[in-house]
Amino acid sequence: MRLTPQQQATLVDAVRRHFGATARLWVFGSRADDRTRGGDFDVMVRCDEADAVRLIDARLALLAELHATFDFEDERIDLLLFSPSLHRPPSPIQQAAMAQGVELPF
Amino acid sequence: MNSEVSSDVSSDRRPGRLEQARWEADRHAAVLADALASWAALPTVPDLAAIESDKALRAQTDQILFRFTKLQDTMGERLVAATLDALAEPFEAWPMRDRLDRLEKLGYLDVNDWLVWRVLRNRLAHEYPEAPELRYAQLMAALAGATGLLAAYRHWAAMLPAG
């Protein structure tokens, strides 16, 4: 996976604070593939929050915070959300992210 | 970062730079204000399906989001540099973040708000296959961001030195 240890730590810390300790986090797409170079950061967060407004607010705050850090300042981050109470079943891209992505443990 | 910054790296003020940036931002702000006023006059739209099934509502939200994007781009690509230029700040070699921090210190904007609007704006570039409730909440957040950006631009414009 092509995230620096510092980027991983920053991401895990921010996701845990904004989505809670029971959330799970995957990196998928080109950044999960060691054979490629550069590229956007495709991230998926799974959490049990059922309130869409709170989820969107949390994502906004998280991304704004990441863009304020040196690690992600000028990077493009696509963060997909999956909440079991809102998605029945997960969409194909969500399924693929969870099945093929690299999970970053908290 | 700025196509205006060509071979001329002099710190001398460029005549008309601020006026041009402001003229462009004013145009976007005026249309955005009209579109937001029309939207606010409507009954509350309950969900995404209500918008997506109604041509006029779709056009109205698209208008707001388009001008939100354009106003933000004009501010980021032109007004930031033009304002610092007008204030005789030695900004030419500064990265964008330093320019924003300086403008915040001078009272022109709130950097955290700006970063949130950037996230909202970048999110508009694609459609994502998320739950309709999430897409609706994301749209509402973008409309709220448009209101916030318009207010921020008006505050900024009111602080600008006379041309």
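So, how was this worked out
Residues numbered from 1 in each chain as written. Chains lettered and ligands numbered in written order. Predicted model: local features only at pLDDT ≥ 70, side-chain atom pairs only at ≥ 80, totals over all residues. Helix = DSSP H or I, 4+ residues; strand = E, 2+ residues; numbered from the N terminus. Buried ≥ 20, exposed ≤ 12 C-beta atoms within 10 Å, placed from the backbone. Contact = placed C-beta atoms within 7 Å. Rg over C-alpha atoms; globule rule 2.2 N^0.38 Å. pLDDT = per-residue confidence, 0-100. Nonpolar A, V, L, I, M, F, W, Y, C, P; charged D, E, K, R; others polar. Core = buried A, V, L, I, M, F, W, Y, C linked by C-beta atoms within 7 Å. Pairing = 2+ DSSP bridges. Right-handed = clockwise from strand over helix to strand, strands pointing away. Axes fitted to C-alpha atoms, helices over the stretch in contact; angles between N-to-C directions. Parallel < 35°, antiparallel > 145°, perpendicular 65-115°, else oblique. Left-handed = near helix turned anticlockwise from the far one by under 90°.

### Description of the overall build of chain B
Scanning chain B for helices and strands turns up six helices and zero strands. For chain B, the succession of helices and strands along the chain, N to C, is α-α-α-α-α-α. The proportion of buried residues among the 163 residues of chain B is 31%. Once local pairs closer than 6 in sequence are excluded, the contacts in chain B between residues at least 24 apart make up 77%.

### Brief notes about the overall build of chain A
Across its full length, chain A carries three helices and four strands. Its helices and strands in sequence order give chain A the pattern α-β-β-α-β-α-β, from N to C terminus. Against the 2.2 N^0.38 benchmark of 13 Å for 106 residues, chain A shows a C-alpha radius of gyration of 13 Å, consistent with a compact globule. If you line up chain A on its principal axes, its C-alpha atoms span 35 × 30 × 20 Å. Counting across all 106 residues of chain A, residues that qualify as buried make up 37%.

### Focus on the confidence of the model for chain B
When pLDDT drops low, the exact placement of atoms in the prediction is not to be read closely. Residue and element names in this part refer to chain B. With 91% of its residues at a pLDDT of 70 or more, chain B has an overall mean of 90. Scored below 50 in pLDDT, residues 1-10 makes seven contacts in the model with residues more than four places away or belonging to other chains. We note a pTM of 0.88 for the whole complex and an ipTM of 0.87 for its interfaces.

### Section: the interface of chain B and chain A
On the side of chain A, 16 residues touch chain B, which itself brings 17 residues to the contact. Counting only elements with at least two residues in the side of chain B that touches chain A, the list comes to α5 (111-123) and α6 (132-159) of chain B. Grouping the constituent residues of the side of chain B that touches chain A by class yields eleven nonpolar, two polar and four charged.

### Examining the nonpolar core
Formed by 62 residues in total, the largest nonpolar core has its most connected members in Met44(A), Val45(A), Leu32(B), Phe68(B) and Leu71(B). The greatest single-element share of this core, amounting to ten residues, is contributed by helix α3 (residues 55-86) of chain B. If we ignore the near neighbours within four places in the chain, the residues touching Phe68(B) are Leu32(B), Arg121(B), Ala142(B), Gly145(B), Ala146(B) and Leu149(B).

### Brief notes about the pairing of strand β2 (residues 41-46) of chain A
Residue and element names in this part refer to chain A. Within β2, six of the six residues are buried, leaving the element largely enclosed by the surrounding structure. Neither face of β2 is left uncovered, since the one carrying Phe41, Val43 and Val45 and the one carrying Asp42, Met44 and Arg46 both have all their residues buried. Where strand β1 (residues 24-28) and β2 come together, five bridges link them in antiparallel fashion. When the sheet's bridge partners are listed, Val27 is paired in β2 with Val43. Strand direction decides the pairing type here: β2 and strand β3 (residues 77-82), joined by six bridges, are parallel. In the strand pairing of β3, Val43 is matched with Leu79. Between the parallel elements β2 and β3, the chain passes through helix α2 (residues 52-67) in a crossover that is right-handed.

### Structural notes on the packing of α3(B) against helix α4 (residues 96-105) of chain B
In a pair of packed helices, the angle between the axes and the distance between the axes together describe the arrangement. Residues and elements named next belong to chain B. Where α3 meets α4, the axes come as close as 11 Å, and the angle between the chain directions of the two elements is 60 degrees. Looking at the two axes, α3 sits oblique to α4. Two packed elements cross with a definite hand, and for α3 against α4 that hand is left-handed. For the pair formed by α3 and α4, the contact residues are Val80, Thr83 and Leu84 on the first element and Arg99, Leu100, Arg102 and Leu103 on the second. Tallied by class, the residues present in the contact of α3 with α4 amount to four nonpolar, one polar and two charged.

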